[in-house]
Amino acid sequence: MHRGGCNSQASQRSGSLCTMSVSGLSPPRPLGSVSGLLQVASLLGLVLLLLKAAQLYLRRQWLLKAFQEFPCPPSHWLYGHSQELRNDQGLQDLLKRVEKFPCASPRWLGGTSVQLLVYDPDYMKVILGRSDPKSLGIYKFMAPWIGYGLLLLNGQTWFQHRRMLTPAFHYDILKPYVGLMADSVRVMLDKWEELINQDSHLDIFGHISLMTLDTIMKCAFSHQGSIQTDRTSDQVEEGSAAEGGRAGEGQKEEALGFPGHPPLCQKAPGLPRPCPPFRISFGFRDHLDQMPYTTMCIKEALRLYPPVPGIGRELSKPITFPDGRSLPRGIMVMLSFYALHHNPKVWPNPEVFDPFRFAPGSSQHSHAFLPFSGGSRNCIGKQFAMNELKVAVALTLLRFELAPDPSRVAVPVPRIVLKSKNGIHLHLRKLL
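Residues numbered from 1 in each chain as written. Predicted model: local features only at pLDDT ≥ 70, side-chain atom pairs only at ≥ 80, totals over all residues. Heavy atoms only, no water.

Enquirer: Which residues make up helix α13 (residues 382-399), and what values go with them?
Expert: Its 18 residues place the ends of α13 26 Å apart at the C-alpha level, agreeing with the 26 Å of an ideal helix rising 1.5 Å per residue. Within α13, 13 of the 18 residues are buried, leaving the element largely enclosed by the surrounding structure. (Helix = DSSP H or I, 4+ residues; strand = E, 2+ residues; numbered from the N terminus. Expected span 1.5 Å × (residues − 1). Buried < 20%, exposed > 50% of the residue type's maximum accessible area, 1.4 Å probe, protein only.)

What follows is the structure, given as structure tokens:
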């Protein structure tokens, strides 16, 4: 029995040792339960949140210090001045800034996002004389739409593209396109004649958009038809690509004048006679420089309603402005051409349409009028655009008298370009 008891005790000890060895070889249990893991994750998340909050706080303090010399309207600590961008009074709010804060003022887009709105010609000259890149935050969303061309490129790549394309926009190169522009305008005016037989009221925004698209398709891509009429080819109305340069020639010659204004080459009060009286037929490519009053009116319209209301730059190095105020690198700057053109310190009575601001011999600051931007990155197609405007205005006023619709006044809103929220409604009367 004693021997059996010993055997029994030995068996128990060996079983305990086996159990211990097996438990030692099995995988260790997790350090904590699922709730423990959640606690660790929550702690890490809280630490990251605090780090991010500290980063944002330091960023805001840095921005406040950078802009301490530039006063601005009161802003909310979280969403800044964003409410100015969410209503239809954005342009009016902008003009209030211009009157109250000279030269420039910060606009807070959020607690840690801010841009300097610039509307002073001296400030514009300093910024546009530099080679700061365009602000990616403003322009990057356009890349999938238009790709990386002259508008979005920066640095050496942009310079190479610009140098390659500049000869194509030389004044003499653009002259033959005047006939094609006249073609597109005549198609639009023919449509207007049909439409006003039913109603003299017309919203011209869509018609103008199609006409400009038609023009660029013909001039840039040698399109043979007309976008405006959805026809692939119409030699009688549109003219072939080979005849485009002479399109419109041989029409009845007419004196070109504005209703209620002197003819375009007639001496106006206070103006020297710029050219002898002449009668114009279209092709008038050689006469585009002999339309001073038309040019004055177009420039004044571009002052009041610049095609692009503003452009953005990101400072690549510190900048000091003529009044001694400065900003560090990395700051986003918005050059507001709309505010510049409505700045009463630059343009007296800025809301009044006065073409004689641009009369021959008048003088303005070199950067007071920037409908096509300025500096090395100015609009490469500005001469093309001016030619098209002159052709469109001249041909239209030969056939129609235009008057605004007082019941539907255009409401300008700033988008990528300046446009009207409710269209451009006019009353048209055909001239005999």
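Enquirer: Quick one: what's the story with the layout of surface pockets, residue by residue and with numbers?
Expert: Roughly 310 Å³ of internal volume is contained in the second largest pocket. Considering the residues around the second largest pocket, the lining is formed by 16 residues, among which Phe369, Pro371, Phe372, Ser373 and Lys382 are closest to the centre. It is α13 that provides the largest number of residues to the lining of the second largest pocket, a total of three residues. (1 Å grid on protein atoms, 1.4 Å probe; cavity = no way out; pocket = protein on both sides within 12 Å on 5 of 7 lines; lining within 4 Å. Points joined across faces, edges and corners; volume = space filled by probe spheres on them.)

Enquirer: Which residues make up the packing of helix α10 (residues 205-221) against α13, and what values go with them?
Expert: Direction vectors running N to C along α10 and α13 enclose 125°, while the axes themselves pass 12 Å from each other. Taken together, the axis directions place α10 and α13 in an arrangement best described as oblique. Like other packed secondary-structure pairs, α10 and α13 cross with a definite hand, here right-handed. Every residue of α13 that contacts α10 at Met211, Thr212, Thr215, Ile216 and Cys219 is listed here: Phe384, Glu388 and Ala392. Residues of the contact of α10 with α13, tallied by class, amount to five nonpolar, two polar and one charged. (Axes fitted to C-alpha atoms, helices over the stretch in contact; angles between N-to-C directions. Parallel < 35°, antiparallel > 145°, perpendicular 65-115°, else oblique. Left-handed = near helix turned anticlockwise from the far one by under 90°. Contact = heavy atoms within 4.5 Å. Nonpolar A, V, L, I, M, F, W, Y, C, P; charged D, E, K, R; others polar.)

Enquirer: Describe the sheet that holds strand β7 (residues 332-336), listing the residues and the values that go with them.
Expert: Strand-to-strand pairing in sheets goes through backbone hydrogen bonds, with the strands running parallel or antiparallel. With mixed pairing, the four strands of this open sheet are ordered in space as β1-β2-β7-β4. One side of each edge strand has no neighbouring strand; the edge strands of this open sheet are β1 (104-108) and β4 (310-314). The mean inter-strand angle of the sheet, taken between neighbouring strand axes irrespective of direction, is 30°. Across four bridges, the pairing between strand β2 (residues 114-118) and β7 is parallel. Considered in β7, the bridge of Leu117 is made with Met334. Helix α3 (residues 90-100) rests against β1, β2 and β7 of the sheet, and its axis sits at about 140° to β1. In the packing of helix α4 (residues 121-128) onto the sheet, the strands contacted are β1, β2, β4 and β7, and the crossing angle to β7 comes to about 125°. (Pairing = 2+ DSSP bridges.)

Enquirer: Summarise the side chain of Thr215; cite the residues concerned and give the values.
Expert: By the secondary structure assignment, Thr215 is in helix α10. Residue classification places Thr215 among the buried positions, given a relative accessible area of 1%. Polar contacts involving the side chain of Thr215 include one to the side chain of Ser184, which spans 3.4 Å. Not counting residues within four places of it along the chain, the set of residues in contact with Thr215 comprises Met181, Ser184, Phe384 and Glu388. (Polar contact = N/O pair within 3.5 Å; in protein donor to acceptor, adjacent residues only side chain to side chain.)

Enquirer: Which residues make up a nonpolar patch on the surface, and what values go with them?
Expert: Residues Leu43, Leu46, Val47, Leu48, Leu49, Leu50 and Leu51 make up a contiguous nonpolar surface patch of about 720 Å² in total accessible area. With respect to the secondary-structure elements, Leu50 resides in helix α2 (residues 34-66). (Patch = residues over 30% accessible without salt bridge, like charges linked within 9 Å, V, L, I, M, F, W, Y side chains within 5 Å. Areas by Shrake-Rupley, 256 points an atom, 1.4 Å probe, with all protein chains shown as cover. Salt bridge = Lys/Arg side-chain N within 4 Å of Asp/Glu carboxyl O.)

By themselves, these observations are geometric and do not establish any function.
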